[in-house]
Amino acid sequence: MHISFVAPTALWLLLILLPIWAVAMWTPRRLNRTRFWSSLVLRTAMIIALTLAVAGVQIVRSVDDLTTVFLIDSSDSVSPSARGQAEAFVQDAMKGMKPNDKAAVVVFGENALVERTPSDTPVLGRLSSVPVAARTDIQSALQLGMAMLPADTKKRMVLLSDGGENSGNAVEAARLAAARDIPISFVDLGSSNGGEAMIDSLSAPANVRQGQEVELVATVNSTVAQPAQLRIFNGDKVILDQQVQLAVGTNSYSLKVPTKDVQGFQRFRAEIQPQIDTRAQNNQTEALVHVNGVPRVLLVEGQPGEAQNFKDALTAANVTAEVTAPDAMPTELSGLSDYEAVVLVNVAARDLPVKAMANLPAYVKELGKGLIMIGGNHSFGVGGYGRTPVEDALPVYMDVRDRQERPDLALVFVIDKSGSMDACHCSGPNRQTSQFRRGGTPKIDIAKDAVAQATQVLQPNDTVGVVAFDGNSHWIVPAQRDLTVDKVTSALAPVAPEGGTNIKSGLLAAEDALKNTDARIKHVILLTDGWSGGGDNLDVANRMREEGMTLSVVAAGGGSADQLQTLATQGGGRYYPADNMEDVPQIFVQETITAVGNYMIEEPFTPKYAGASPVLDQLNQGLPTLYGYNGTTPKDTATVALTSADESPVLAQWQYGLGRAIAWTSDVEGKWAKDWVQWPEFPRFAAQMVNWVLPSSATANSISSAGMQANFHTEGAQTILDATVQDAGGKPRNNLAMQATILQPDGSSKQVPLTQIAPGEYRASIASPMQGTYIVQMVGSAGGQIVVQDTAGMVVPYSPEYRQGQSNPLLLETLAKETHGARLTQPADAFSHNLADVSRAQEIGLPLVLLALLLLPIDIGVRRLVLRRSDFGMTAAMLRGQRPLSPVSEGPAAQRARGKRTEADDETLERLLAAKHRARKRARGEEE
């Protein structure tokens, strides 16, 4: 045991004792000797106590308490029987715990979880923690175990694992444990799992030319000789199905597949069904091969036949194009990558698959492909592309951002407030067959929120009105400008559902208001369930359209009337069946954005040349007339090649990442571009538009994929990317700045640099990628200019957790050696008290402060209080319960003993005073 200090510099405060003692010694004493020294000692003790408390004095004692953290490997590489043995080992070890010993348990796989915090309970219950078992991360388990160990006990970690680490770095964690004097002992759970067969790899070239044969090599490993069924698939088609005899060790099987009639990414899969097996997770793997052929262009048309003119023009220019509907287009990057360019021909945003909408920007930016949007009444802003991912990839914004150019907007919300809007009906188009359900949020409240949210996307100069209807119409917010969300919310608050349903009254009120509004765009959004007694209202919709007003309809609930879709069609707007009322606010916002961007100019004009563009090569002898276009705003870095009479973009282009995109704001039908599609140069125009966005068009910048070959293979937890780059003469290209962009299955991307390892050879190591299919875009630069690029497919097979030989006893030995741990064979050794001594510090600052406070009144008493011996006697008598004698009953001697004055004392005092008086006179020379 010894004493230590938290802040030893505070001990300098003890120097205060020197001046205190000096003053006490040099000052005349008014106290007797005993009281003087007693007071000085007490004050000295108080100062020492307070100084020690400020310095953080501690009493340090050696302790023999031990805390052991058990780290149990629950990854898939550890068999269930081995995990059972680990639990039994921990349970037996806990039985050997001494008093004050504690045990904690961590269960780990790919992640580490606390099963039990340090506790002295010698019983291990059933393990309830379930970590991700597809990988083994010993490092995270060791780090968590160290964090759980208390500082004032002996410490030990016991790792129960097979050592099959395939994520993290356990040696780094062991070095940290060694620095903290925490030994890592281990119990090896590695064992033979019996017969096991697995497909180690399916090798294939990353890129081939169309017409070449793809050589597939399936490598199968087996621990025992056994028969098995081997199948190889191309997509879902079986191209090989045969019985094979597996020998012990490595077995290879090859197959050549023709690519005469295919191109794009081809997915191959190999499967093995062995007779003797332990894990099914490692019985299949895949390969992705990119077959380079004639560039393919995908035309996505909003309505059947809309892309026919464009396809015919491309065919006349010898460009291969395929036409598909939006719902049939590929949505994953691997499917989109089969095409060199995608052309959206008057496709509405709501018709485009959500996954395709999200992946198209990466398709252009990361893969270097092309994107073209062609206008029409369902494209650009009117098609709802504002604030979507596709807008990010195009060279124009979907709205007119210059207030002087953007047309005025007048928007009226027509809201159903009939009694049916207080409930949720779930079926049927009329009241008689529908069933109502009370409870939850009423439809009318959701409608109020939808109007408020939609108002937020408008600008102060827009005219906005809100009219509600039941049996009659009621203006909630008269059509006006400078309308804020707070004003709308306050006005809508008292609206309650009641009465019948008269849609016509609401539409007529909106029509009258818009007639008297000076705005270029006039739009009405109707929200109703459609149960109206006023007819189908098609006459009102037709009249509104003739007056330049458009009508969109949001059908509230799954039981909405069927005629609402017809009403929206006749009104020239859009129809939204909101089966789930919770979707209505977002629908209102999107429809409002669409209305804001609903800038279609329908008037004849001849496009004006605005900038040089390869799309217009040899087309400078005059252009045909166009009769309409979609209003947009060019982005800062875009090139506008053609404009309308008011300088709005008609043809805009730009580089977006590695790819290119074009916006043609007119159509390719017989409506706006009827003269263009009959123009003899239209095939040249269409072909040059497509050729400019194709990756192959980059040859003008000396960029090529020729001479680059990529290969992928797995080494443990790493996936290795090797790229070989040669020039046209077959010589290696050196000193390139190589970088790979890995597009992951979830659509996100990751940048990985490649390092040159040999002439013309570059390599990158990707740590622990998750199982799945990846698209890899490789780019090589020299002098800041891209000189070579290529796209390849990468397949990460099953986790390395399921590979053979994952047990790594050498790693376990290394961890133990690094930290002075040991292999444990007996459970009792987990609580062996053979570790270095550990001290436990106990602060005594508070007791010292209390001691000083206790000494303070004693010091005051010593200096100020005068006590006689008789006082102690009286006190003792009182404590014994005896009543002290009164002064009357006491004799002179007793009184003198108690300090009481008697008559004799008074006489003596008078004589003493008289003698003192005479002495003073003599001193002054006076006679008596």
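No experiment lies behind these values; they were computed from the predicted model shown.

1. What about the sheet that holds strand β27 (residues 549-556)?
Then comes step 1: Read across the sheet, six strands follow the order β25-β24-β21-β26-β27-β28 without closing on themselves; strand pairing throughout is mixed. The two strands at the open ends of the sheet, each matched to only one other strand, are β25 (473-480) and β28 (572-578). Sheet twist, expressed as the mean angle between neighbouring strand axes with direction ignored, is 10°.
Then comes step 2: Relative to strand β24 (residues 463-469), strand β21 (residues 409-416) is paired through seven bridges, and the arrangement is parallel. Bridge pairing in β24 places Ile-415 opposite Ala-468.
Then comes step 3: Packed onto the sheet, helix α14 (residues 563-570) meets β26 (521-528), β27 and β28 and runs at close to 155° relative to β28.

2. Observations regarding the sheet that holds strand β37 (residues 718-725)
Then comes step 1: Ordered by their spatial adjacency, seven strands build an open sheet running β36-β37-β40-β39-β38-β41-β42, and the pairing between neighbours is antiparallel. Edge positions in the sheet fall to β36 (708-715) and β42 (785-796), since each of these pairs with one other strand and no more. Taken pair by pair, the neighbouring strands of this sheet meet at an average axis angle of 25°, ignoring direction.
Then comes step 2: Pairing between strand β38 (residues 737-743) and strand β39 (residues 749-758): six bridges, direction antiparallel. Each bridged residue has a counterpart across the sheet, and for Thr-741 the counterpart in β39 is Gln-751.

3. Structural notes on the packing of helix α4 (residues 138-148) against helix α5 (residues 170-179)
In helix packing, the relevant descriptors are the interaxial angle and the interaxial distance, both defined with respect to the helix axes.
Then comes step 1: The geometry of α4 relative to α5 is characterised by a closest axis approach of 7 Å and an angle of 20° between their N-to-C directions. Classed by the angle they form, the pair α4 and α5 counts as roughly parallel. Handedness of the crossing formed by α4 with α5: left-handed. Residue-level inspection shows Ile-138, Gln-139, Leu-142, Gln-143 and Met-146 of α4 in contact with α5, the latter providing Ala-170, Glu-172, Ala-173, Ala-174, Leu-176 and Ala-177.

4. Re the confidence of the model for the protein
Then comes step 1: Across the protein, the average pLDDT comes to 84, with 89% of residues at 70 or higher.
Then comes step 2: This model gives residues 425-439 a pLDDT under 50, and the stretch forms 40 contacts once residues within four places in sequence are excluded.

5. Looking at the environment of Leu-336
Then comes step 1: Checked against the element boundaries, Leu-336 lands in helix α7 (residues 333-336).
Then comes step 2: Note: C-alpha distance between Leu-336 and Ala-356 (20 residues apart in sequence) is 8.5 Å.
Then comes step 3: Look past the residues within four positions of Leu-336 in its chain and what remains in contact with it is Met-329, Pro-330, Thr-331, Val-342, Asn-359, Leu-360 and Tyr-363.

6. Details of the packing of α5 against helix α18 (residues 809-819)
Then comes step 1: Taken N-terminus to C-terminus, the directions of α5 and α18 make an angle of 20°; their axes are 8 Å apart at the nearest point. Here α5 is positioned roughly parallel relative to α18, judged by the angle of their axes. Pair α5 / α18 crosses with right-handed handedness. Facing Ala-170, Val-171, Ala-174, Arg-175, Ala-177 and Ala-178 of α5, the residues of α18 in contact are Leu-811, Thr-814, Leu-815, Glu-818 and Thr-819.
Then comes step 2: Residue composition of the contact of α5 with α18, grouped by class: seven nonpolar, two polar and two charged.

Definitions and cut-offs
- Residues numbered from 1 in each chain as written.
- Predicted model: local features only at pLDDT ≥ 70, side-chain atom pairs only at ≥ 80, totals over all residues.
- Heavy atoms only, no water.
- Pairing = 2+ DSSP bridges.
- Helix = DSSP H or I, 4+ residues; strand = E, 2+ residues; numbered from the N terminus.
- Axes fitted to C-alpha atoms, helices over the stretch in contact; angles between N-to-C directions.
- Contact = heavy atoms within 4.5 Å.
- Parallel < 35°, antiparallel > 145°, perpendicular 65-115°, else oblique.
- Left-handed = near helix turned anticlockwise from the far one by under 90°.
- pLDDT = per-residue confidence, 0-100.
- Nonpolar A, V, L, I, M, F, W, Y, C, P; charged D, E, K, R; others polar.

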